[in-house]
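What the coordinates show
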Amino acid sequence: MSAFAALNRLSNKSSEASLYNANLSGTITSSNVTLGPKNAIFMDSAVLVGLNKDEFIMVDGFYDLSVVKGCASVNNLFKISSGNAYPVVTSKNESLPVICGLESEESTQTGVLPSYSTVIKLSNLDTGLQNFGFISPNLQDLFHTQPSSPYTFEVVETPRNNVVGLRVDQKAHYAITEVSEKLRFQESRAAIVVGASFCGRSTFADLLVNNMLLAGVQRVALIDLDPSSPKFTPTGCIGLTFHSQISIGVHLQTHDSNNKLHFYGHEDPAVAPSYYFRCTESLKKHYITHWKSIPLIVITPGNIRGFGRETLAHLFKVFGDLEPSLIYLSHNNYLSIGDFEPDEFEVQDNPDDEVLADLTYKTVYKLDSTRRKPKYSGILASEIALLQYFHRISRHHWDFSSFLLESAPSILSFTPGNEFSVPLITSLHEPVKCLNESEMQTFIEASVVALCAINVPKSSLQSYPQFINTTELSHLDCTFICLCIVHSINLKERFFLVYLPKDQNLSGKLSRATANGHTLALVRGTGSIPSGEILASPFIGKKIPFVNREPTNKIGGIWNARRNLGRKSQRS
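Model, not experiment: these values are computed from the prediction.

Here we take up unusual backbone geometry. Among all residues except glycine, the phi angle is most often negative; among peptide bonds, the trans geometry is most common. A cis geometry characterises the amide bond from Tyr 464 onward to Pro 465, with omega recorded as 0°. Checked against the element boundaries, Pro 465 lands in the loop between strand E22 (447–454) and strand E23 (466–468). Within the chain, Ala 446 stands out as a residue other than glycine whose phi angle is a positive 55°. With respect to the element layout, Ala 446 can be found in the loop between helix H10 (437–444) and E22.

So this is what it looks like as structure tokens:
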């Protein structure tokens, strides 16, 4: 390292250390200021807020955050100044960002709100998420809604149920800033984030990504190996994703064309371990082959006992040659938020030393975790992720004005000779070894599946469609393209009717996936259709095409695909 680089690094570390504010290291349930004529200017679609040192606000909703005067700290970790606007999206399932005023090195007694060293601007951001409850009424309080307000956001001035600010204590602040520096200056080739479920692994990784981007890193690579978390990858996937845009609040997933995803289809690696390990090794190999110069962050699954501990040991063997920095979020020393209750055997059966024993790493950071169970978890969390996935239009805009069933599904052919035909049906359920044509129809209809490309030449297929089981898939290269909802399959005219995401890059993904001779396949895991899209109650008084409400045992009596969908009049 040159003397100039060393001096610059020392200066950066000193600046980052000075940002830490001990007043923000505890549990924060509301802003410590109230907005009024003295410290705020209310405009038609924005609010200017004045903050002095140690004054902070929590804001719920959707907004563009920018600095008008001075500088502000976000989440007690990084500093933002004028010149950029950051889109912020929040939900009741995650902690709110904490925005704090800082001292200014220059005179601030001029201009707008002259009594304040920091002036931030909160501007309306139209995301469409305020209509989320239209599709799923049982989740209508997930996102901010206040129809009578002119603003798409609200400053939290008094404590509310299930609302808390994001907490970064001194140890976490130190770990994030030091690991960022090690990755930036290539003293460490990777950082691996480890911890039990609800310890904040993905939140910590997100903070680490943002901190590096704000420090000047152009691009950060992240391998998320937790198939139960849809924060960085679509539901049921693990993958390598690239990040070049700062994401404050709810993480806004990117559509980088270089992302590489594998559809695992289950929440627990123990369900199909051979296939899971093959996918993780494939992601590591792809990173090393093409992107090893980009800083890497790895998130491990949240199960750290029994087979989960064996999985962790295997993952460190895969990534150990990168001499990683290990960030361990302890489940033994933690701050509990809300009504979080740990597993009664978690602590006594899994002391920290045993969790970390025999893992290969260069440096370890043991942190006290902040444990908070989301308001919606399990099946409801998966439903939220799927609804956002299929209704998303752009990085921070969604269309929840209509149900998927109100539009005609797309046609995917499985006839020979069609460039984009989908002749393979694949199962990630190990007990399912073989299916005939009729059983394939029952297996695939009315389900959420992944559209993937598999290295099976079409010339080798003996039938259309053809079934591939989990064991066979474990020996094949399978590249994820997108999730889709299978409405029905027409065996006579040889096509599937499916609902696809509103992804403008989908045709390009299909072209790239099939360019090397791979064959398209529908791969089924355990995903289920979001109930808000198919339950009868939202459709009362509406004539919905493509749906027959007559009960049937075949697919659970919820969604029975009509058999007349092959008519030409309904395929326009």
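Here the focus is the sheet that holds E23. Spatially, the seven strands line up as an open sheet ordered E20-E25-E24-E22-E26-E21-E23, and their pairing is mixed. In this open sheet, the two edge strands, each paired with only one partner strand, are strand E20 (410–413) and E23. Neighbouring strand axes in the sheet, compared pairwise and without regard to direction, differ in orientation by 40° on average. Relative to strand E26 (residues 519–524), E22 runs antiparallel, the two sharing six bridges. Bridge pairing links Ala 450 to Val 523 in E26. This element, helix H9 (residues 379–391), spans E22, strand E24 (478–490) and strand E25 (495–499) of the sheet and lies at about 90° to E24.

Right, let's talk about the packing of helix H3 (residues 170–184) against helix H4 (residues 201–214) for a bit. Pairs of packed helices are described in terms of their axes, by the angle between the two and the distance that separates them. It is the contact of H3 with H4, at a shortest axis distance of 10 Å, that shows an interaxial angle of 55°. Compared by their axis directions, H3 and H4 come out oblique. The chirality of how H3 crosses H4 is right-handed. Residue-level contacts link Ala 172, Ala 175, Ile 176, Thr 177, Val 179, Ser 180, Leu 183 and Arg 184 of H3 to Phe 204, Leu 207, Leu 208, Asn 211 and Met 212 of H4. Tallied by class, the residues present in the contact of H3 with H4 amount to nine nonpolar, three polar and one charged.

Rules behind the numbers
Residues numbered from 1 in each chain as written. Predicted model: local features only at pLDDT ≥ 70, side-chain atom pairs only at ≥ 80, totals over all residues. Heavy atoms only, no water. Helix = DSSP H or I, 4+ residues; strand = E, 2+ residues; numbered from the N terminus. Pairing = 2+ DSSP bridges. Axes fitted to C-alpha atoms, helices over the stretch in contact; angles between N-to-C directions. Contact = heavy atoms within 4.5 Å. Parallel < 35°, antiparallel > 145°, perpendicular 65-115°, else oblique. Left-handed = near helix turned anticlockwise from the far one by under 90°. Nonpolar A, V, L, I, M, F, W, Y, C, P; charged D, E, K, R; others polar.

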